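What follows is the residue order along each chain.
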Amino acid sequence: MGQLFNLQFLAGHIHYLLFIVLMMTGLFIVVDKTNLVKKIIGLNIFQVSVFMFYVSIGKVTGGTAPIFPMDDKYHVDKEALQGIVYSNPLPHVLILTAIVVGIATTSLGLALIIRIRESFNTIDEEDILNIEQEMTRDDNIKYRDVAEGLI
Amino acid sequence: MIDTLTNTVLFVMLVLTALAIVRMERLFAVVMLSSVFSLLSALLFVTLDAVDVAFTEAAVGAGISTVLMLGTIALTKPIAKRSRHTAFVPLIVVCVTGAALVYGTLDMPAFGAYDAPAQMHVGPDYLARTPDDIDVPNVVTAILGSYRGYDTLGETAVVFTAGIGVLLLLSGLRRRREDEDEEV
């Protein structure tokens, strides 16, 4: 951990620390907030921070976006290509896929929230827990005789 | 230098937006702020040279997911309750996880290093081969559509499954409501 106080080391790693701060803000929303929509938003923040972290791995200092120059016949201009530094395109591709999968999971979560609201008439986690406990207590009272008869 | 400055300003704005989301209780404002968060992160993706990721994030994160969330809060309640428990345990969980992650990044190569392990193997290979193999200017397109086409196929399968899931969960919403009305 002593490296953290080395200025040159810190300059190279400050981005990672900042991504982690954002990630932890998202995690805090997921763990602390009881409203389900807010939890989904916290999950999104966490997710986007992971994406930024992942894309930052592909960044090369002095590099540019991985799009080649074209000649006038719309083919890649191989001569103009020489000497240009490009960032790594592979993390970009993987994160593009992840963003689309992320919106799929978000929409599924939101649909689940709508169903929960239909059944429980609330989207607050603590309220749902209370209702569940009440239902279990009622069931226990209702079926106590039956259960005792079985023994 | 100017890059670092831009990144830092964007980071400060991102962190402020995230903290505002933590504090807010009106869900409409929270959804709008999450849209702002996506837009800011799209700007950060541009400075990280990931222009394709940036416009996907702007379209999907700031566009579609905002619309979906607005639809959800229209169908549910627009104001979140203040939670009754203390934030002490969540804070400890977050701090411990954050410390573990920071410890994990200590061994990583510095940001933007050209000799990092990620810059050694397939990435440069794709860059070198795309002009001859596929001849499209955008390397991200080449990898997405051709070299890693199966990944994209899998992604389509995931989106299809999620679409079916949403349809099954929400189908019959109106019918169930009418049934309830009749019972009442």
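Residues numbered from 1 in each chain as written. Chains lettered and ligands numbered in written order. Predicted model: local features only at pLDDT ≥ 70, side-chain atom pairs only at ≥ 80, totals over all residues.

Structural notes on the interface of chain A and chain B
With 75 residues of chain A at the contact, the number on the chain B side is 79 residues. At the level of elements, α1 (7–32), α2 (36–57) and α3 (89–120) of chain A are the ones that each hand at least two residues to the side of chain A that touches chain B. For the side of chain A that touches chain B, the element with the most residues is α3 of chain A, which contributes 24 residues. For the side of chain A that touches chain B, the per-class residue count stands at 44 nonpolar, 21 polar and ten charged. (Contact = placed C-beta atoms within 7 Å. Helix = DSSP H or I, 4+ residues; strand = E, 2+ residues; numbered from the N terminus. Nonpolar A, V, L, I, M, F, W, Y, C, P; charged D, E, K, R; others polar.)

Quick word on unusual backbone geometry
Trans is the common state for peptide bonds, and a negative phi is the common state for residues other than glycine. Phi is positive for Asn 121 of chain A, which is not a glycine, with a value near 60°. With a phi close to 70°, Asp 49 of chain B is a non-glycine residue in the positive phi region. Take Asp 49 of chain B: it is sitting in the loop between α2 (27–47) and α3 (51–75).

Some thoughts on the packing of helix α5 (residues 122–133) of chain B against helix α6 (residues 139–147) of chain B
All names here are of chain B. Their axes nearest at 10 Å, the elements α5 and α6 cross at an angle of 90°. Relative to α6, α5 is oriented roughly perpendicular. Here Tyr 126, Leu 127 and Thr 130 of α5 come into contact with α6, specifically with Val 139, Ala 142, Ile 143 and Tyr 147. (Axes fitted to C-alpha atoms, helices over the stretch in contact; angles between N-to-C directions. Parallel < 35°, antiparallel > 145°, perpendicular 65-115°, else oblique.)

Brief notes about the environment of Pro 124 of chain B
Along the polypeptide, Pro 124 of chain B turns up in helix α5. As a C-alpha pair, Pro 124 of chain B and Val 159 of chain B span 35 residues in sequence and 30 Å in three-dimensional space.

Re the environment of Leu 101 of chain B
All names here are of chain B. Relative to the elements of secondary structure, Leu 101 occurs in helix α4 (residues 88–105). The exposure class assigned to Leu 101 is partly exposed, which follows from the 18 C-beta atoms found within 10 Å. Each C-alpha atom, one on Leu 101 and one on Leu 167, is 38 Å from the other, the two residues being 66 residues apart in sequence. (Buried ≥ 20, exposed ≤ 12 C-beta atoms within 10 Å, placed from the backbone.)

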